[in-house]
Amino acid sequence: MAKKKSELWEWTKALVVAVLLAAIIRYFLFAPIVVDGLSMMPTLHDQDRMIVNKFSYKIGEPDRFDIIVFHAPENKDYIKRVIGLPGDKIEYKDDTLYVNGEPYEEPYLNEYKQQVADGPLTEPFTLEEKIGQETVPEGHLFVMGDNRRFSKDSRHIGPVPMEDVLGTAGIIYWPIEDIRLIK
C-alpha cells in the first residue's frame, strides 16, 4: 500500500511540475495565435497558426519590418508589420515607403504590387496626415498590414504603445504544408 501511495505522489508531482512549466512557457516565453483575416496577405493567410515569441520582445524593442502581435483598441489582438520606430518620420509616395526621407524596399509587397492595376497598393500619406504628428511618438510603433488596401492598422488606430506589444511572430506551424519561418 505504501508503494502505491509513493507512486501516486510521484505522478502527482510530475503532473504539477509539467502544468507549471507549460504555464510559465506560455505566459512568459511563447504563445500560439491564429491569424484572423486577410490584412497580412500574402505573408500570412487567414487561419494560419503561429508561435508568438514573447521573450525576444522583452529583450528589446522590435526591429523595423518585424511582424508583431499587439493588443488593439477593440480588445482584440492584431498581427501587423512594424514600419516606424519611435522618432521616425514616415511617408508613402508613389507606392514607396520613406523613413526619415530615405526610400525603403519592401520585398514582401512585390507580389501584390504586380497584381494591382487600378492605382498604388499603398495610398500616399504622411505621418502628420494620419496621426497629427511628424514623427512616431516615443514609446510607440507605427504598424501596417501587408495587404495595404484591406488592413486596419496605425493609419486608422494610431501608433501602437510598446506596452501593448505581446511579442514577435516568427513561425507558422499550421497548416503543415505552410510550416516556415516568416520574414
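For the structure, see preceding data.
Residues numbered from 1 in each chain as written. Predicted model: local features only at pLDDT ≥ 70, side-chain atom pairs only at ≥ 80, totals over all residues. Heavy atoms only, no water.

Asks: Go over the overall build of the protein chain, please, and point to the residues and values.
Replies: Per the secondary structure count, the protein chain includes 5 helices and 12 strands. For the protein chain, the C-alpha radius of gyration of 21 Å lies well beyond 16 Å, the compact-globule estimate for 183 residues. By the burial criterion, 38% of the 183 residues in the protein chain qualify as buried. In the protein chain, once contacts between residues fewer than 6 apart in sequence are set aside, the share between residues at least 24 apart is 59%. Here the protein chain holds 22 positive side-chain charges and 30 negative ones, and the gap between their average locations is 10 Å. (Helix = DSSP H or I, 4+ residues; strand = E, 2+ residues; numbered from the N terminus. Rg over C-alpha atoms; globule rule 2.2 N^0.38 Å. Buried < 20%, exposed > 50% of the residue type's maximum accessible area, 1.4 Å probe, protein only. Contact = heavy atoms within 4.5 Å. Lys, Arg positive; Asp, Glu negative; His and termini not counted. Charge placed at Lys NZ, Arg CZ, Asp CG, Glu CD.)

Asks: Tell me what's going on with the pattern of salt bridges, and back it up with residues and numbers.
Replies: Summed over all chains, the structure comprises 7 salt bridges. Notably, a salt bridge pairs arginine 81 with aspartate 146, separated by 2.8 Å at the nearest N-O pair. With arginine 81 in strand β4 (residues 77-84) and aspartate 146 in the loop between β9 (140-144) and α5 (154-157), the pair connects residues that are 65 residues apart, well separated along the chain. Between aspartate 153 and arginine 155 there is a salt bridge; the shortest N-O distance is 2.9 Å. We note that aspartate 153, like arginine 155, is buried. (Salt bridge = Lys/Arg side-chain N within 4 Å of Asp/Glu carboxyl O.)

Asks: If you had to explain the packing of aromatic side chains to someone new, which residues and values would you point to?
Replies: All told, the structure shown has 5 aromatic pairs when counted by the stated rule. Through pairs of rings, three or more aromatic residues link up here, namely Phe65, Tyr104 and Tyr108. Sitting over the ring of tyrosine 104, arginine 64 keeps its end group 5.2 Å from the ring centre. Residue placement shows arginine 81 over the ring face of tyrosine 108; its charged tip is 3.6 Å from the ring centre. (Phe/Tyr/Trp six-rings, centres within 6.5 Å; stacked < 30°, edge-to-face > 60°. Lys NZ or Arg CZ within 6 Å of the ring centre and 35° of its normal.)

Asks: How would you summarise the nonpolar core if you had to cite specific residues and measurements?
Replies: Side chains of a nonpolar character, in soluble globular proteins, are inclined to be buried together. Of all hydrophobic cores here, the largest spans 16 residues; its most connected members are Ile83, Ile90, Tyr92, Leu97, Phe125, Phe142 and Met144. When residues of this core are traced back to their parent elements, those giving at least two are β5 (90-93), β6 (96-99) and β9. Setting aside its immediate chain neighbours within four residues, isoleucine 83 contacts Arg64, Phe65, Asp88, Ile90, Leu97, Val99, Glu106, Tyr108, Phe142, Val143, Met144 and Arg148. Within the second largest apolar cluster, 12 residues are counted, among which are Met40, Val52, Ala169 and Ile172. (Core = buried A, V, L, I, M, F, W, Y, C linked by side-chain atoms within 4.5 Å.)

Asks: For the sheet that holds strand β8 (residues 125-126), give the residues involved together with the corresponding values.
Replies: The strand order β7-β6-β5-β8 describes an open sheet built from 4 strands, whose pairing is antiparallel. Among the strands making up the open sheet, the edge pair consists of β7 (102-104) and β8. Pairing between β6 and β7: 3 bridges, direction antiparallel. From the neighbouring strand, tyrosine 98 faces β7, where its bridge partner is proline 103. (Pairing = 2+ DSSP bridges.)

Worth remembering: the numbers are spatial, not functional.
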